[in-house]
Amino acid sequence: FGGWNNLSESKRALPMAEAGTDLEANPFRIQVRKAMWFTHFPQMYALKPGQRALVVPMDVTNISDHYVSVQKLQDALRLEGLQLIDRAELKAVPSGKAAPYIVRGSDGFAEQTLQPGLTVRLGVIWVQDAKAPVPQNLDLNLFKQSYRKSSLDGSMGYFDRQPIYHLRLPLSEMKVPG
C-alpha cells in the first residue's frame, strides 16, 4: 500500500557508503562530496539571525527516462541525530523530519526539476539553530523510491521510500568568499 515505510526506516542497519562514491538511490545517482557549515552566505542561502546552515554538496543524475521533481530528491535525503529547523513549519524538528533546501551549485538558485541523464552539482542545505553545538559529523541516509502506479488515483509516481545507504561525513566550516 505504501505509507508504512516510516515505521521501519530506522530499525535496520544500512550499508555504509563513502563520500565521492557513485550511489544509486532510484531515481537518482548521487555522489556526495563533503559536508560543511556556515552562518552567513547570502549568495547561497539567506539565513535568519541565529541560524546555521549545514551544507552537503553533491553531484546528482536523474537516471530515469523522465523529468523528476526536486521534491523526490528531498525525499531521498535525510540527516539523523540532530534538531533542525523545518523550512515549512519554521520550527525545530528531529532531523529525520526536516526536508532540505536544494540549490544549484552553478548559480545558487533553487532547483525545481531534474532532467533525465543530466548530472548537476547541487547544494543540499539543512538549517540548525546556531546556539546548538556544531556537530563533528553529519549522518546522512539515502533512500530509494519505486516508480509505480498509485493505489489511490492510478497516476504514475515515486512511492515506497526505502533507506539504502548511510554516510558519515566530517563537518568543516565553509570558507565563504568576500
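Residues numbered from 1 in each chain as written. Predicted model: local features only at pLDDT ≥ 70, side-chain atom pairs only at ≥ 80, totals over all residues. Heavy atoms only, no water.

The next point concerns the nonpolar core. I30, L73 and L140 are the most contacted members of the largest nonpolar core, which has 36 residues in total. Ranked by residues supplied to this core, first place goes to strand β14 (residues 156-173) with five residues. If we ignore the near neighbours within four places in the chain, the residues touching L140 are V32, V56, M58, L77, R78, L79, W126, Y165, H166, L167 and L169. Residues F41, Y45, A53 and I85 belong to the second largest nonpolar core, which totals 13 residues. (Core = buried A, V, L, I, M, F, W, Y, C linked by side-chain atoms within 4.5 Å. Buried < 20%, exposed > 50% of the residue type's maximum accessible area, 1.4 Å probe, protein only. Helix = DSSP H or I, 4+ residues; strand = E, 2+ residues; numbered from the N terminus. Contact = heavy atoms within 4.5 Å.)

What follows deals with the pairing of strand β2 (residues 22-25). Side-chain positions along a regular strand alternate between the two faces of the sheet. Residues of β2 alternate between two faces, with L23 and A25 buried on one and D22 and E24 left unburied on the opposite face. One ladder, built from four bridges, connects β2 with strand β3 (residues 28-32); its direction is antiparallel. Bridging across to β3, D22 finds its partner in Q31. Where β2 folds back on β3, the antiparallel hairpin that results is connected by two residues. (Pairing = 2+ DSSP bridges.)

Considering all chains together, one arrives at three aromatic pairs under this definition. When the ring of Y147 is compared with that of Y158, the centres are 4.8 Å apart and the planes differ by 45°; the resulting orientation is tilted. With Y147 in strand β13 (residues 137-149) and Y158 in strand β14, this pair connects stretches of sequence that are 11 residues apart. A cation over an aromatic ring shows up here: R52 above the ring of W37, its NZ or CZ 5.7 Å from the ring centre. Geometry around F143 places R161 over its ring, the cationic atom sitting 4.0 Å from the centre. (Phe/Tyr/Trp six-rings, centres within 6.5 Å; stacked < 30°, edge-to-face > 60°. Lys NZ or Arg CZ within 6 Å of the ring centre and 35° of its normal.)

Below, the discussion takes up the side chain of Q128. Here Q128 lies in strand β12 (residues 119-129). Side-chain polar atoms of Q128 contact the side chain of R52, separated by 2.6 Å. With sequence-adjacent residues up to four places away left out, Q128 is seen in contact with G50, Q51, R52, L54, L82, Q83, L84, I85, P133 and P135. (Polar contact = N/O pair within 3.5 Å; in protein donor to acceptor, adjacent residues only side chain to side chain.)

Turning to the pairing of β3, a few remarks are in order. Most of β3 is tucked away, with four of its five residues classed as buried. Bridge count between β3 and strand β5 (residues 51-62): five bridges; the pairing is antiparallel. Considered in β5, the bridge of Q31 is made with D59.

If you walk through the whole model with that rule in mind, you get six salt bridges. Measuring nitrogen to oxygen at the nearest pair gives 2.7 Å for the salt bridge that ties R121 to D59. Of the two residues, R121 is situated in strand β12 and D59 in strand β5; the sequence distance between them amounts to 62 residues. A salt bridge links D75 to K72; the shortest N-O distance between them is 3.6 Å. Here the residue D75 and the residue K72 both occupy positions in helix α1 (residues 70-75), the gap between them amounting to three residues, near one helical turn. (Salt bridge = Lys/Arg side-chain N within 4 Å of Asp/Glu carboxyl O.)

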